[in-house]
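# Understanding the architecture of this molecule
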Amino acid sequence: MSYQKPKGTQDILPQEVEKWQYFEQTAREWCRRFNYKEIRVPIFENTDLFIRGVGETTDVVSKEMYTFEDKGKRSMTLRPEGTAGVVRSFVENKLYAEPDVTKLYYTGPMFRYEQPQAGRYRQFHQFGIEAFGSVDPTIDAEAIALGYYIITDLGIRDVTIELNSVGNAESRAAYKEKLKTYLQPMKEGLCKDCQSRFEKNPMRILDCKIDGDKFHDAPSILDSLDEACLSHFTAVQDALMAMDIPFKVNPNMVRGLDYYTLTAFEYTCEGIGAIHTIGGGGRYNGLVGDIGGPDKPGIGFGLGMERIMLMMDIQEVALPNKNPLDIYFIGLGEQADKEVTRLLYKARNAGLRVDKDYMQRKMKAQMKAADRNQARYAAILGEDELLQGNIMLKNLSTGEQEIVPIASLIEHVKRT
Ligand code: HAM
């Protein structure tokens, strides 16, 4: 019997992992510069948290959750997104008692039962941030900038930031009425889901995966914003302009989760078929209170790691520091092989990345292995050299060979 990975999941093989590590390093470095600190929360939570947090009528909650009953008969769900768990932790651990804005980042797998295709998986990974405790529009702009820096520093070109404001509860209520009036004549032709969203959550219709691009002339939510929402939105744009971050206002962009208030944004890029969104986020001023915490505002984003790495492949972004092997050791004969074992140990402790053949292959096969490993040097030790206390060092990119005293080999390679 042979097993296959579950539908919509992926094995990340060693040759791909380098890209993942590069992504994580780049994102962590930008978080460090913006003073965000890492938080690690569970991969599953009580189902209720997502129902309350993300919203019962969203696709994510109503159709896509991996929910199961544990042996204690509790309903648990594999997290479909990162924000709800981080907010739960912020509340449970009373991080809100800190005097400053709490700036957090996280990375890890998320789970949604979706129809798999390129860029859409059932287990996927996000790199996300959340900042709690400030209503200042400059923190919205900072969050937007942070995601943009990560994506562009990874080498992705032609990224667009789509920006909108989904207002507060009052402006949304006014907007929903206008939207229903606009949608009423088309209602019969909409998909079944949209028909049921019409009463429960009409804004979700704008985000529908089937009908979403039919509504270009829908009323703009920006016309329903009150003065405070509008001035917040203007201030976010001013701060983005001050930081030279390009953006495009898209009043039809509503995001797929229910917790957003005021600022909503997405990072988009062409190339992965019909999928354009590589990351998204926004402000959620009511969420902390909704799940039982104090009245603290928040803002954040989640970047789709697979989508961004797919874009890196599509745009043929070259990874820096391929991190090749420093030395591939070739020992010829029993004594030489023993000496190689000692040298491997010394080189590794000196910080070099080194390896050798473990299959007693002939010299030619070992040289091929050195090439396959993209080693900088092959260090070849025969019995004769060993007797003289020397080793032959071959630079595999230039082909140059030199005899080096064994005692100074490591220093020599480290110097070059
Ligand atoms: P989201 O828009 O649902 O937001 O997801 C963020 C990103 O995750 C998407 O833009 C996409 O790149 C990626 N993504 C979502 N679903 C899949 C999938 N099935 N396969 C591959 N990639 C996917 C959130 O999750 C919010 N928690 C973001 C946020 C943080 N808002 C405020 N703070």
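Residues numbered from 1 in each chain as written. Predicted model: local features only at pLDDT ≥ 70, side-chain atom pairs only at ≥ 80, totals over all residues. Heavy atoms only, no water.

### Looking at the pairing of strand β10 (residues 275-283)
Two faces belong to every sheet, and in a regular strand the side chains alternate between them. Burial runs high along β10: seven of the nine residues are buried. Pairing of strand β9 (residues 261-272) with β10, which is carried by seven bridges, proceeds in the antiparallel orientation. Within β10, the position partnered with Ile272 by the bridge is Ile275. Where β9 folds back on β10, the antiparallel hairpin that results is connected by two residues, among which Gly273 adopts a positive phi of roughly 50°. With five bridges connecting them, β10 and strand β11 (residues 298-304) associate as antiparallel partners. Residue pairing for β11: Gly282 is matched across the bridge by Gly300. (Buried < 20%, exposed > 50% of the residue type's maximum accessible area, 1.4 Å probe, protein only. Helix = DSSP H or I, 4+ residues; strand = E, 2+ residues; numbered from the N terminus. Pairing = 2+ DSSP bridges.)

### Points about the site of the ligand
Taken together, 27 residues are adjacent to the ligand, and Glu81, Thr83, Glu114, Glu130 and Tyr260 come closest. Within the backbone of Ile278, an N or O atom sits 3.1 Å from an oxygen atom of the ligand. In the environment of the ligand, an oxygen atom lies 3.3 Å from a nitrogen or oxygen atom belonging to the backbone of Gly279. Expressed as a share of its isolated accessible area of 660 Å², the protein-covered part of the ligand is 96%. Secondary structure elements with two or more residues in the shell around the ligand: β6 (123-132), β10 and β11. Broken down by element, the shell around the ligand gets its largest block of residues, six residues, from β10. Its residues placed into classes, the shell around the ligand shows nine nonpolar, eleven polar and seven charged. (Near = heavy atom within 4 Å. Polar contact = N/O pair within 3.5 Å; in protein donor to acceptor, adjacent residues only side chain to side chain. Areas by Shrake-Rupley, 256 points an atom, 1.4 Å probe, with all protein chains shown as cover. Nonpolar A, V, L, I, M, F, W, Y, C, P; charged D, E, K, R; others polar.)

### What to know about the domain arrangement of the chain
Taken domain by domain, the chain consists of domain 1 (14-168 + 226-314) and domain 2 (327-411). A C-alpha centroid distance of 48 Å is found between domain 1 and domain 2. (Domains from an automatic or database assignment.)

### Observations regarding the nonpolar core
Where a protein is soluble and globular, its nonpolar side chains tend to be buried together. Core analysis: the largest hydrophobic core is formed by 95 residues, its most contacted members being Phe23, Tyr36, Leu146, Ile150 and Tyr267. Among the elements that take part in this core, helix α5 (residues 137-153) stands out by supplying nine residues, more than any other. In this structure, Ala336, Val354, Ala379 and Ile406 belong to the second largest nonpolar core, which totals 19 residues. (Core = buried A, V, L, I, M, F, W, Y, C linked by side-chain atoms within 4.5 Å.)

### Brief notes about the packing of aromatic side chains
All chains considered together, the criterion is met by 13 aromatic pairs. Ring centres of Phe90 and Tyr96 lie 5.9 Å apart, and the angle between their planes is 70°; this geometry places the pair in the edge-to-face category. Classification of Phe90 as buried rests on a relative accessible area of 1%. Of the residues examined, Tyr96 reaches a relative accessible area of 25% and is grouped as partly exposed. Through a chain of ring-to-ring contacts, three or more aromatic side chains come together here, namely Phe90, Tyr96, Phe132, Tyr259, Tyr260 and Tyr284. Sitting over the ring of Trp30, Arg33 keeps its end group 4.4 Å from the ring centre. Against the face of Tyr113 rests Arg122, its NZ or CZ located 3.9 Å from the ring centre. (Phe/Tyr/Trp six-rings, centres within 6.5 Å; stacked < 30°, edge-to-face > 60°. Lys NZ or Arg CZ within 6 Å of the ring centre and 35° of its normal.)

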